[in-house]
Amino acid sequence: MMRSSHLSLKIFLLLIVYVTYLGCLSVHAEEGSCANPGSDAEGTCADVDGDDFDDKPSRRRMDGPIFATFENLSPYRADIHFDDGRFGNFVSTLEANGGEARLTTYRGHSFFITRHGVREALVDPATDGQYFFRIPEDFEGKDDEEGPHFTLPAEASPSKTKCKDRYPICTFEAE
């Protein structure tokens, strides 16, 4: 079951990348840029409308995938979950004491961290709040460069509260 949902998530993410790529081609064609390099005699894009499109920031820079790095400094092996607003989807495991994972994601995506295998939230002991990491909508990094770096601090631990909601949806459903 877990293998099937993991495969489904990969297929879903691949589909998103494919649709984004197709949308990028049509956006560039509408802007007068070249969606098909090699369209002129020199093998480069021709500036058909004289708007100097090469100097414009590409919309793809704000809509395309970015690379986010997650680092685990806590003594607990941890799982990263994509926050779908419900129970989350497992994405990757971080080894304890310095483990890292690099994920391809998009602006606006959010993630939460649990103890490996048991889905028990790792929290900030000072606030008992679960760690959430969000890619800002206005993140301006280039798609092909390193994106945000998120760190689960060394003091992260399971909650001391006996009755603690495990997922973001629990609070919403309780209302």
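To start, this report covers the structure provided alongside it. Note that the structure is a prediction, hence the values are computed from the model and not measured. (Residues numbered from 1 in each chain as written. Predicted model: local features only at pLDDT ≥ 70, side-chain atom pairs only at ≥ 80, totals over all residues. Heavy atoms only, no water.)

1. Some points on the sheet that holds strand β7 (residues 129-130)
Hydrogen bonds between backbone groups are what pair the strands of a sheet, and the pairing can be parallel or antiparallel. A sheet is described by the order of its strands in space; here three strands give the open sequence β7-β6-β10, paired in antiparallel fashion. The open sheet terminates on both sides in strands that have one partner only, identified here as β7 and β10 (157-158). Where strand β6 (residues 122-124) lies against β10, two bridges are found, and the strand directions are antiparallel. Following the sheet pairing, V123 is matched in β10 by S157. (Pairing = 2+ DSSP bridges. Helix = DSSP H or I, 4+ residues; strand = E, 2+ residues; numbered from the N terminus.)

2. A short note on the side chain of S159
One can find S159 in the loop between β10 and α3 (168-174). Here S159 falls in the buried class, since its relative accessible area comes to 15%. At 2.6 Å, the side chain of S159 and the side chain of D128 are in polar contact. A distance of 3.0 Å separates a polar side-chain atom of S159 from the backbone nitrogen of T161. (Buried < 20%, exposed > 50% of the residue type's maximum accessible area, 1.4 Å probe, protein only. Polar contact = N/O pair within 3.5 Å; in protein donor to acceptor, adjacent residues only side chain to side chain.)

3. Here's the deal with the pattern of salt bridges
Where charged atoms of side chains with opposite charge meet at close range, the side chains can pair. The tally for this structure, following the rule as stated, stands at three salt bridges. One salt bridge connects E137 with R134, and the closest N-O pair in it is separated by 3.5 Å. Judged by its relative accessible area of 52%, E137 falls in the exposed class. What makes R134 partly exposed here is its relative accessible area of 47%. (Salt bridge = Lys/Arg side-chain N within 4 Å of Asp/Glu carboxyl O.)

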